[in-house]
Amino acid sequence: MEKKYDSKEVEPRIQKLWIDSGIYKFDPKSNKPVFSIDTPPPTVSGKLHIGHAMHYTQFEFIARFKRMQGFNVLFPIGFDDNGQPTERYIEKKHNIDLTKISKSEFINLVKKDIIEVENGYKRDLMRLGHSHDWDLTYRTIQDNCAKTAQTSFIDLLKKDYVYRSEEPTIWCTSCKTALSQADVEDQERNTKIYDIDFVSEGKKITIATTRPELLPACVGIFVHPDDKRYTKLVGKKATVPIFGQEVSIMKDSKVDSKFGTGIVMICTFGDKTDIEWWKIHKLPLKIIVSADGKLQNSGKYTGLKLKEARKEILKVLDDLKVLGKDEQLKQNVGTCWRCHEPIEFLVTKQWFVKIIENKEKLIQQGRKINWHPNYYVKRYEDWVNNLSWDWLISRQRHHGISIPVWYCECGELLLPDVKDLPIDPEVDKPKQKCKCGSSKFIPEKDVFDTWMTSSMSPEIVLKWTEKNNMMKYSPEDMRPQAHDIIRTWAFYTVVKSLYHFNEIPWKNVMVSGHALDSKGKSMHKSLGNVIDPMEVLDNYNADSLRFWAASAKLGEDISFQEKELVAAQKTITKLWNASKFVIMSLENYNYQEPKNIESIDKWLLNRLSETVEQVTKEFEDYQYSSAKFLTEQLFWKDFCDNYLEIAKHRLYNEDETTESARYTLYKTLLGILKMFAPIMPHVTEEIYQNYFKDKEKVESIHISSWPEKENIKENNGHVAVEAIVELRKYKHSNKMALNAELNKVIISSVEDISEFENDIKGAMKIKEIEFKKGEELKIEVV
């Protein structure tokens, strides 16, 4: 072994070794039990950040652990490159106005750029030491994924789970597309609430609103039925200022009489309550907001953006002296999950998957899955219980998987044959005429929501639409994912699995937290607060970053702390140096278990066995941080700080007990390396390759067998070690060298530790020890 561990030389060499040897490949012909992982495909929209590195590394620990347990691990990787995030990335990168470029030109540009981005993702993941089977790589825009998504759509349509409807929908005027409820994130903002005077039968009534720009869409006024201030107004008419339309004054218990003046206007549409009132009270529809966020059908204000219209309308209201007071207001407003702009509600024709009528079934499906940590099932159930919209799956975008539908002039819908999928209805033509005899069709121009494809990730990997599929491995063993997309990726995958197969998609969900910036905010590329993990690797190394990732408890957010990387470096250095010492001490080892194992050796082997049992349990429960902590404790405290120092006198001065010490060193170091291997794969592999490979006859530590608990009788070694620790403290406090000789020591303790006499003497250079029975451990130097 080299004097110092050089990660810059070792890590790329070890990564090449793994690739060349193919040790991470899934073998469909193997008789080993399969452990399948539904790996999250990262969104192709720039570069991976430190949050990705943390999350993807945390579940990669489990893949390595399971492989060492003897499983045939199905560990694919995908790239999510078919949706809105990728499209917006290309728009911004090339400063493109989508209204001035053809769909085909844009898609050709996307195809060119995303390969470069995906290759970058692959390089980064490989540099982090990830053990994916790269032969199982998929891209959500490629044909087999498109076929899976389109097959899903046709199957759901035939089962009456999908429908098309024209109704108020959530809309992003910045992205210019419809959104689902899960695409909306609440954001707190400061705004103003304005008092505006309407007129009813010659008298003014004052309404309160935060959206004066929607006055041209006002179709009614509401008061609370129990608000005695306004009961006489119900049933009357009021005139909207500036625009002059007469609207009815009605009552509804949803009105908050304490908000503003207690009188509110309903516009089509300002929020979800407006939509509910519009439907319940059968009110007229006034469409004034365009797809790009400008006013229309609004007189001289037509063509103004919403913010501009608000400013102009407020000015005119003030001139007319019908604008009352305004007050500052903190308000939660729904925003687009990608661009973070406020959403609007427009009436559009869209495709939906039925959700609301099956909420209880979906909750029951969620309860069949093991959630890690288990409290995240509550977040899943809260999301389902609070759903008030079906899943909107159509998007008005250039880039995405086409919805496989044509429309006949007679109104009939035509679907392709599944065997012809994937198709693009704007390019491909139907192979048969409509029932009415017509061959003239209008192609569907919308594309699928990206989750329509990502929700089929298990089926994509298991090749659902292919003849030689692997659906026998469904449900998969584990779905790793972050907590913020339980409402999308986890939920929609549960929906699809229920509707297609009436089963759960996976047995376990492993939920990770987020990496936080210095202000405690989640890192997102769209917020510009990310750290490039490759820069961290330049300054440290992959194992150090992985060590930091393992310091975050499962499901919890964690700030990026450089001190964890420093601690990792210390652990790597200590592991290297300790291994060098052990390997040097094993020079004459006969690699056989001795007939007699010394008491202090039994103590360490028992600690090893206990730790193996505990670490295995923690990894089985996906609690990698606890597994790391337990392994660190064994390595630093028991092995390095204590045992190596205690055993040195037997290694330097060979006697009949030396083989027992060598056996213990070999077995314990190998066990520690294996338990560290999922977290720090490079340094453990390098040590293994340097020494243990020839002895163990296994090509890599990462396909070697996971250590097992052994039945080793517990002894009082921990008390003997504690006595040695106290003797060290004595020498230190008396400014004595650790190898300074002591004439006589009296050790009092509850437990009998006389069997460790030679080890205590040898470690602390003591001529004579007297053991006494006592109520607690006590050391007396005579």
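Quick summary incoming for the structure in this document. (Residues numbered from 1 in each chain as written. Predicted model: local features only at pLDDT ≥ 70, side-chain atom pairs only at ≥ 80, totals over all residues. Heavy atoms only, no water.)

### Focus on the overall build of the chain
Here is step 1 of the chain: From N to C terminus, the chain includes 21 helices and 28 strands.
Here is step 2 of the chain: Viewed in the frame of its principal axes, the chain has a C-alpha envelope of about 110 × 65 × 45 Å.
Here is step 3 of the chain: Out of the 782 residues belonging to the chain, those deemed buried represent 57%.
Here is step 4 of the chain: Residue pairs at least 24 apart in sequence account for 78% of intrachain contacts in the chain once pairs closer than 6 positions are excluded.
Here is step 5 of the chain: Accessible surface for the chain amounts to roughly 35,000 Å². Of this, 47% is attributable to carbon and sulfur atoms. (Helix = DSSP H or I, 4+ residues; strand = E, 2+ residues; numbered from the N terminus. Buried < 20%, exposed > 50% of the residue type's maximum accessible area, 1.4 Å probe, protein only. Contact = heavy atoms within 4.5 Å. Areas by Shrake-Rupley, 256 points an atom, 1.4 Å probe, with all protein chains shown as cover.)

### Overview of the nonpolar core
Here is step 1 of the chain: Ranked by internal contacts, the top residues of the largest apolar core, which has 123 residues, are Trp 548, Phe 619, Phe 639, Tyr 643 and Ile 760.
Here is step 2 of the chain: Ranked by residue count, the leading element in this core is helix H17 (residues 624-652), at 12 residues.
Here is step 3 of the chain: Discounting residues that sit within four places of it in the chain, Tyr 643 has contacts with Ile 600, Asp 601, Trp 603, Leu 604, Asp 638, Arg 650, Ala 661, Thr 664 and Leu 665.
Here is step 4 of the chain: Ile 170, Leu 283, Val 384 and Val 495 belong to the second-largest nonpolar core, a separate cluster that totals 71 residues. (Core = buried A, V, L, I, M, F, W, Y, C linked by side-chain atoms within 4.5 Å.)

### Things to note about unusual backbone geometry
Here is step 1 of the chain: In this structure, Phe 269 follows Thr 268 across a cis peptide bond, with omega equal to 0°.
Here is step 2 of the chain: The residue after His 372, namely Pro 373, is reached through a cis peptide bond having omega -5°.
Here is step 3 of the chain: Note on placement: Pro 373 falls in the loop between strand E15 (370-372) and helix H9 (376-385).
Here is step 4 of the chain: The phi angle at Tyr 622 is positive, at roughly 65°, despite the residue not being glycine.
Here is step 5 of the chain: Here Tyr 622 is to be found in the loop between helix H16 (599-620) and H17.
Here is step 6 of the chain: The class for Tyr 622 is buried, based on a relative accessible area of 3%.
Here is step 7 of the chain: Phi at Lys 697 takes a positive value of approximately 60°, unusual for a residue other than glycine.

### Concerning the pattern of salt bridges
Here is step 1 of the chain: Inspection of the entire model under this criterion finds 51 salt bridges.
Here is step 2 of the chain: The partner of Glu 381 in a salt bridge is Arg 367, with the nearest N and O atoms 2.7 Å apart. Residue Glu 381 is located in helix H9, and its partner Arg 367 is located in helix H8 (residues 359-367); the two are separated by 14 residues in the primary sequence.
Here is step 3 of the chain: Of the charged contacts in the structure, one is a salt bridge between Asp 638 and Arg 607, with a shortest N-O distance of 2.8 Å. In this pair, Asp 638 is assigned in helix H17 and Arg 607 in helix H16, connecting sequence segments 31 residues apart.
Here is step 4 of the chain: Bridged by salt links that share partners, the residues Arg 211, Glu 213, Arg 310 and Glu 344 form one connected network. (Salt bridge = Lys/Arg side-chain N within 4 Å of Asp/Glu carboxyl O.)

### Side note on the sheet that holds strand E22 (residues 476-482)
Here is step 1 of the chain: Ordered in space as E15-E23-E22, the 3 strands form an open sheet in which the pairing is parallel. Sheet topology places E15 and E22 at the edges, where each strand pairs with a single neighbour. Going from strand to strand, the sheet's axes swing by 20° on average, the running direction of each strand aside.
Here is step 2 of the chain: Pairing of E15 with strand E23 (residues 506-512) involves 3 bridges; the strand directions are parallel. Residue Asn 370 lies in a different strand from E23, and its bridge partner there is Asn 508. (Pairing = 2+ DSSP bridges. Axes fitted to C-alpha atoms, helices over the stretch in contact; angles between N-to-C directions.)

### Regarding helix H5 (residues 143-158)
Here is step 1 of the chain: An ideal rise of 1.5 Å per residue puts 22 Å on 16 residues; H5 measures up with 22 Å between its terminal C-alpha atoms.
Here is step 2 of the chain: Taken together, the buried positions of H5 are occupied by Cys 145, Ala 146, Thr 148, Ala 149, Gln 150, Thr 151, Ser 152, Phe 153, Ile 154, Leu 156 and Leu 157.
Here is step 3 of the chain: Where H5 ends, the next residue or the one after it, Asp 160, has phi of about 65°, a positive value. (Expected span 1.5 Å × (residues − 1).)

### Describing H8
Here is step 1 of the chain: Listed as buried for H8 are Lys 359, Leu 362, Ile 363, Gln 365 and Gly 366. Across the axial projection of H8, the buried residues extend over an arc of 160°, all falling on one side.
Here is step 2 of the chain: Buried residues along H8 sit against E15, H9 and helix H12 (486-501). (Arc of directions from axis to C-beta.)

### Let's talk about the sheet that holds strand E27 (residues 766-773)
Adjacent strands of a sheet pair through backbone hydrogen bonds, lying either parallel or antiparallel.
Here is step 1 of the chain: Pairing within the open sheet is mixed, and its 3 strands lie in the order E27-E26-E28. Both outer strands of the open sheet, E27 and strand E28 (778-781), are each paired with one neighbouring strand and no more. When the angles between neighbouring strand axes are averaged without regard to direction, this sheet yields 20°.
Here is step 2 of the chain: Pairing between strand E26 (residues 742-749) and E27: 7 bridges, direction parallel.

### Thoughts on the environment of Glu 9
Here is step 1 of the chain: Within the fold, Glu 9 resides in helix H1 (residues 7-21).
Here is step 2 of the chain: By relative accessible area, which is 38% here, Glu 9 ends up partly exposed.
Here is step 3 of the chain: One polar contact links Glu 9 to Arg 13, side chain to side chain, over a distance of 2.6 Å. (Polar contact = N/O pair within 3.5 Å; in protein donor to acceptor, adjacent residues only side chain to side chain.)

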